[in-house]
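Structure assessment
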Amino acid sequence: MGDTAFDFEKESDVFEYVVKKGHGVKGLADTGLTTVPQRYIHPPSERIDRKDTIDSTPFLSSPIDISALLEEGDDADDEKKSEISKRLCEAAEKLGFFQVMNHGVSHEVMENAKRAAHIFFNLPRERKLAYSKQNSPCPAHVFCGTSFSPQAEKSLEWKDYLSMVYVNDDEEVRKYWPEECRDAAVAYLKSANKMILAMLSALLRGLGVEIDESTIRSYTDARAVNMNFYPPCPNPDLTVGVGRHSDLAALTILLQDDIGGLFVKAQNNGWIEIPPVEDALVINVGDTLEILSNGRYKSAEHRALASNTRARVSVPIFVSPIPPTTIGPLPGLAEKDGKTVYKNLLFGEYMENYFRNGHRGKATLDFARA
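Just so it is clear, the structure is predicted and the values come from calculations on it, not from any experiment.

Calculation criteria
Residues numbered from 1 in each chain as written. Predicted model: local features only at pLDDT ≥ 70, side-chain atom pairs only at ≥ 80, totals over all residues. Heavy atoms only, no water. Helix = DSSP H or I, 4+ residues; strand = E, 2+ residues; numbered from the N terminus. Buried < 20%, exposed > 50% of the residue type's maximum accessible area, 1.4 Å probe, protein only. Contact = heavy atoms within 4.5 Å. Core = buried A, V, L, I, M, F, W, Y, C linked by side-chain atoms within 4.5 Å. Pairing = 2+ DSSP bridges. Axes fitted to C-alpha atoms, helices over the stretch in contact; angles between N-to-C directions. Parallel < 35°, antiparallel > 145°, perpendicular 65-115°, else oblique. Nonpolar A, V, L, I, M, F, W, Y, C, P; charged D, E, K, R; others polar. Disulfide = S-S within 2.5 Å. Patch = residues over 30% accessible without salt bridge, like charges linked within 9 Å, V, L, I, M, F, W, Y side chains within 5 Å. Areas by Shrake-Rupley, 256 points an atom, 1.4 Å probe, with all protein chains shown as cover. Salt bridge = Lys/Arg side-chain N within 4 Å of Asp/Glu carboxyl O. Lys, Arg positive; Asp, Glu negative; His and termini not counted. Charge placed at Lys NZ, Arg CZ, Asp CG, Glu CD. UniProt positions renumbered as here; feature names shortened; annotations may be inferred.

Counting through the fold element by element, phenylalanine 120 comes out in helix 4 (residues 107-121). Under the relative-accessibility criterion, phenylalanine 120 is labelled buried at 0%. Separated by 58 residues in sequence, phenylalanine 120 and proline 178 have C-alpha atoms that sit 8.2 Å apart. The residues touching phenylalanine 120, leaving out its near neighbours within four places in the chain, are Lys128, Tyr131, Cys144, Leu162, Pro178 and Cys181.

With that out of the way, let us pick up the nonpolar core. With 81 residues, the main nonpolar core has Leu88, Tyr188 and Met199 as its most contacted residues. If near-sequence neighbours (up to four positions away) are discounted, methionine 199 is found in contact with Ile66, Leu69, Leu88, Phe98, Val100, Leu251, Ile253 and Ile283. Grouped together as the second largest cluster of nonpolar side chains are 18 residues, Tyr17, Leu33, Trp158 and Ala306 included.

Overall, mixed pairing links the 8 strands, which are arranged 1-2-10-7-12-5-4-3 in an open sheet. Looking along the sheet, the strands with just one partner apiece sit at the ends: strand 1 (64-65) and strand 3 (142-146). Taken together, the 6 bridges between strand 7 (residues 251-256) and strand 12 (residues 312-320) define a ladder with antiparallel strand orientation. Note that in strand 12 the partner of leucine 254 across the bridge is proline 316.

Following both chains from N to C, one finds helix 3 (residues 78-94) and helix 7 (residues 182-205) inclined at 75°, their axes separated by 9 Å at the closest point. Relative to helix 7, the element helix 3 lies roughly perpendicular. Counted together, Ser85, Leu88, Cys89 and Ala92 of helix 3 and Met199, Ala202 and Leu203 of helix 7 form the full contact between these two elements. Residues belonging to the contact of helix 3 with helix 7 are distributed by class as follows: 6 nonpolar, 1 polar and no charged.

Below, the discussion takes up the state of the cysteines. Cysteine pairs can be covalently joined through their sulfur atoms, and such a bond is termed a disulfide. On inspection of all chains with the given rule, the structure shows 0 disulfides. Cysteine 138 takes part in no disulfide bond, and the closest cysteine sulfur to it belongs to cysteine 144, at a distance of 14 Å. Of all cysteine sulfurs in the structure, the one in cysteine 144 sits closest to cysteine 181, which takes part in no disulfide; the separation is 9.8 Å. Residue classification places cysteine 181 among the buried residues on the basis of a relative accessible area of 1%.

The next point concerns a negative patch on the surface. A grouping of Glu71, Asp77, Asp78 and Glu79 is seen on the molecular surface, where their side chains present a negatively charged patch. With respect to the element layout, glutamate 79 can be found in helix 3. Residue glutamate 79 is classed as exposed on the basis of its relative accessible area of 67%.

The feature "domain: Fe2OG dioxygenase" (unreviewed entry), as given by UniProt, occupies residues 218-321 in the numbering adopted here. Helix makes up 7% of residues 218-321 and strand makes up 41%, while its end C-alpha atoms are separated by 6 Å.

Here's what the structure looks like:
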């Protein structure tokens, strides 16, 4: 069957074209269709309507200036560091999402990362297909795809992505990552390293139990840079860019563009939008950090909306342990809290369960409950 013979009214043809043939949702959007195919229509309860959001003020703090947290040596202001750490811990407990400024990642590095995402997803299909899970030169560490788990999902998400996992090996990066976006992705990742360690250290030490530097670092050994691409969508009100989920990682460092469309569940109060703030990064607690904190820090449900006018991109860094690492409440924390919320398990076990299904809110955390 030639590509022009696809009938986008038929769900099987949509799946064949987008997933099996590797056109992605970008290729689907480029056909000029004027309505979202049935395979992308989500139930009304899962759709995103900006009119249904609530005021973010009680839940989302103003961006936190973390410059003092990154200072070292005699110039470091310990009192200021303590104040910033306290704000980070409060935000992690209240919402699980916050924004940071003066984080050590330059405006130029952030702009280059966003530009690189546009460049990669505007490449010819054949070039992107070279990085599909079936064709990737190193599928464990670099691959591109569409939606989240297409085979497991009833309704597809209006998103393509490229995932690049960094495990302390520049040679592998040069050899396997796409040259069109490799340098921009590595610059973004390396610029964020100091911030990642400083924030995770502040959050873990803020739990009030002893933890050494090597243990903190063990939760950051695997870092993945994702480039997410949401083509213009004819009916964004009928579909989702990303469905309800919490992140697998310990921390997510998210660079979003100026379009907006990121929504976070404020516990049981409703959904708030995280507005783009120039040069700020969005930080969110992932499931791993919720488990390590024995449930004190919250990996909030979030989701994303596509735009009907412009292609939207976001570039998250997912900070995680490697699969053989044991995760569970930090030693002494359950005794301190008087309860054990999560059990000890291998991160690899949790990861395997996480990717087995489509996005389903925070239900994946049930797998780790004590």
